[in-house]
Amino acid sequence: MTVAVVGAGVIGLATAFALAERGYPVTVYDPAPGSGASTVAAGMLAPVGEAGFGEDALTRLLVEGARRWPAFAARLSAAAGMDVGYRDSGSLLVARTADDLAEVRRLCAHHESLGLASVPLRAGELREREPLLAPGMRGGALLPEDHQVDPRRVVAALLAAIQAAGVRVVRRAVADLSTVEEPVQVLAAGWRSGPLAGLPVRPVKGQLLRLRGTGLRHVIRGYVDGRRVYLVPRADGEVVVGATSEERGDTTVTAGAVRELLCAAVELVPELAEYELVEARAGLRPGTPDNAPVIGEVAAGAASGALGSAGNRLRLGSPRVFVATGHYRHGVLLAPLTADAVADLVSGRDPAQVVKPFGPERWRDA
Ligand code: GLY
C-alpha cells in the first residue's frame, strides 16, 4: 500500500522517512522539495522557551517533541551520512530592562509550575556564561533543556535519507487531493494544507536574518525593552536573528523588520554589528486558531467536503487522508514526534497520548 505525502517541508519529509523506515512505499509530492518555511526556520528546539501561558497540553507535546530529538538526529545522520547540527548547549533568556526582567521572572515561575527546567540568573552570572552580552542586561535565566538543530541540514539530510530509502519524489504542486492516486495520503503542506483539507490553517509571516561571525555560545532569547528577538549561533559561524510574527501571507522582506531585528540584536550583543549580514528571508508558519498543530485522520464526512472543494470529487473507495500541519512556531521541534504519530496512525496503531488532543476533529463543530 503506497502512501502519498503531500508537502516536502520538514514535517512531510520526516513523515516520509518514518513511513519508509516502517517499510511503506512512499511518494512525496512537492513542486520544490525542501524550499519552504523549514529552510527559513531558526531551528530552536524550545519546549520551555515556547511554553505559553494557558497552553499546557501544547507544552506537554513540545516536551515530548524535544525528548525525541537526540535519537532522531542520530538515526537521520546515520541514514544520510551527514551531521544535522544538533547542539545541546541550552538557551539563555536575557532581559534588558527592569520590566523585561519582571516578564522573564514571571515566565520562570510558569516554567517551575509546570516542572520545566529554568534556572534564574543574575546579570553577572549571565555575562559569565555569555561574555559577548552587553553590560547593561538586568538578568535572565538558563533553560538547560532548550537546544537547537540546523533546519537546512535536517532538510538536506531527510532528502538524502528518503532517496536512499527508495522514496519517489514527484515535483508537482497538488492543488486538489483528488488528483493524488495513492490510497493513503498524508497532507503536510504547511499553511497550504488549509485550503486543501478545509482546515482553518493560516499563514503567519516570520522575517529573519542570517549573520556570520563567531563568539556567541548559547541560543539567546532576548527581551529588549518590550521587543523580543532570538539569536541562534551555530558551530559553523552562522548566527540566525529572528523573528517577526505578522498576520500576513506574503514573503517580502521589509526594511523596517530588518532594522527592528538588527537594533534589538545589537542592543543585546553589540559585537553583532561587526558580523557579516548574509541573508534576510521571510517564511510562512502554518498557524491554527489555537496555534497548535493538527495531526490525525480527516474523518470521511469532513474529508468529503475538503476533497470535493474543487468540484465534488469524492470517489468510490475514497483514500484515507491524514493531516500533519499547523505546527506554527514548532515545526522543527515537532517533526520527529509528528512523523512517528502519523506513521502510527497509518499503521493502525495508537499515537502517543500527548498527540491525541490535537486531531482535526476539534474544529468539526466550529
Ligand atoms: N520557532 C520560532 C519562530 O517561529 O520564530
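This text gives an overview of the structure that appears in the document. (Residues numbered from 1 in each chain as written. Predicted model: local features only at pLDDT ≥ 70, side-chain atom pairs only at ≥ 80, totals over all residues. Heavy atoms only, no water.)

**What to know about the overall build of the protein chain**
A tally of helices and strands in the protein chain yields ten helices and 16 strands. At 21 Å, the protein chain has a C-alpha radius of gyration in line with the 21 Å of a compact globule built from 366 residues. In the protein chain, buried positions account for 55% of the 366 residues. By element, 51% of the accessible surface of the protein chain is carried by carbon and sulfur atoms, the whole surface being about 14,800 Å². In the protein chain, which carries 40 positive and 40 negative side-chain charges, the distance between the mean positions of the two groups comes to 2 Å. (Helix = DSSP H or I, 4+ residues; strand = E, 2+ residues; numbered from the N terminus. Rg over C-alpha atoms; globule rule 2.2 N^0.38 Å. Buried < 20%, exposed > 50% of the residue type's maximum accessible area, 1.4 Å probe, protein only. Areas by Shrake-Rupley, 256 points an atom, 1.4 Å probe, with all protein chains shown as cover. Lys, Arg positive; Asp, Glu negative; His and termini not counted. Charge placed at Lys NZ, Arg CZ, Asp CG, Glu CD.)

**What about the site of the ligand?**
Around the ligand sit Met 44, Tyr 230, Ala 243, Arg 285 and Arg 329, and those are all the residues in its vicinity. The contact in question runs from an oxygen atom of the ligand to an N or O atom on the side chain of Tyr 230, over 2.7 Å. In the environment of the ligand, an oxygen atom lies 2.7 Å from a nitrogen or oxygen atom belonging to the side chain of Arg 285. For the shell around the ligand, a count of residues per class yields three nonpolar, no polar and two charged. (Near = heavy atom within 4 Å. Polar contact = N/O pair within 3.5 Å; in protein donor to acceptor, adjacent residues only side chain to side chain. Nonpolar A, V, L, I, M, F, W, Y, C, P; charged D, E, K, R; others polar.)

**Notes on the sheet that holds strand β10 (residues 202–212)**
Taking strand neighbours across the sheet as the criterion, the eight strands line up as β5-β6-β4-β11-β12-β13-β10-β14 in an open arrangement whose pairing is mixed. For this open sheet the edge positions go to β5 (119–122) and β14 (276–287), each flanked by a neighbour on one side alone. Each strand of the sheet is rotated relative to its neighbour by a mean of 20°, with strand direction disregarded. Two strands pair when backbone bridges link them, and β10 and strand β13 (residues 238–242) are joined in this way by five bridges, in the antiparallel orientation. (Pairing = 2+ DSSP bridges. Axes fitted to C-alpha atoms, helices over the stretch in contact; angles between N-to-C directions.)

**Things to note about the pairing of strand β1 (residues 3–6)**
Note on strand geometry: in a regular strand, side chains alternate between the two faces of the sheet. Along β1, one buried face is formed by Val 3 and Val 5 and the opposite face, lined by Ala 4 and Val 6, is buried too. The pairing of β1 with strand β2 (residues 26–29) spans four bridges and is classified as parallel. Within β2, the position partnered with Val 3 by the bridge is Val 26. Each parallel crossover has a hand, and for β1 linked through helix α1 (residues 10–21) to β2 it is right-handed. Bridge count for β1 against strand β9 (residues 184–187) is four bridges, and the pairing is parallel. Within the sheet, the bridge partner assigned to Val 3 lies in β9 and is Val 184. (Right-handed = clockwise from strand over helix to strand, strands pointing away.)

**What about the packing of aromatic side chains?**
Summed over all chains, the structure comprises three aromatic pairs. With a centroid separation of 5.1 Å and 85° between ring planes, the pair formed by Trp 69 and Phe 72 is classed as edge-to-face. Within this pair, Trp 69 and its partner Phe 72 are both found in helix α3 (residues 69–80), separated by three residues, close to a single helical turn. Of the two residues, Trp 69 and Phe 72, neither departs from the other in class, the shared state being buried. Grouping aromatic residues by their ring pairs yields a cluster made of Phe 17, Trp 69, Phe 72 and Tyr 86. A cation over a ring is seen here: Arg 106 above Phe 53, with NZ or CZ 4.8 Å from the ring centre. (Phe/Tyr/Trp six-rings, centres within 6.5 Å; stacked < 30°, edge-to-face > 60°. Lys NZ or Arg CZ within 6 Å of the ring centre and 35° of its normal.)

No statement about biological role is implied by the geometric values presented.
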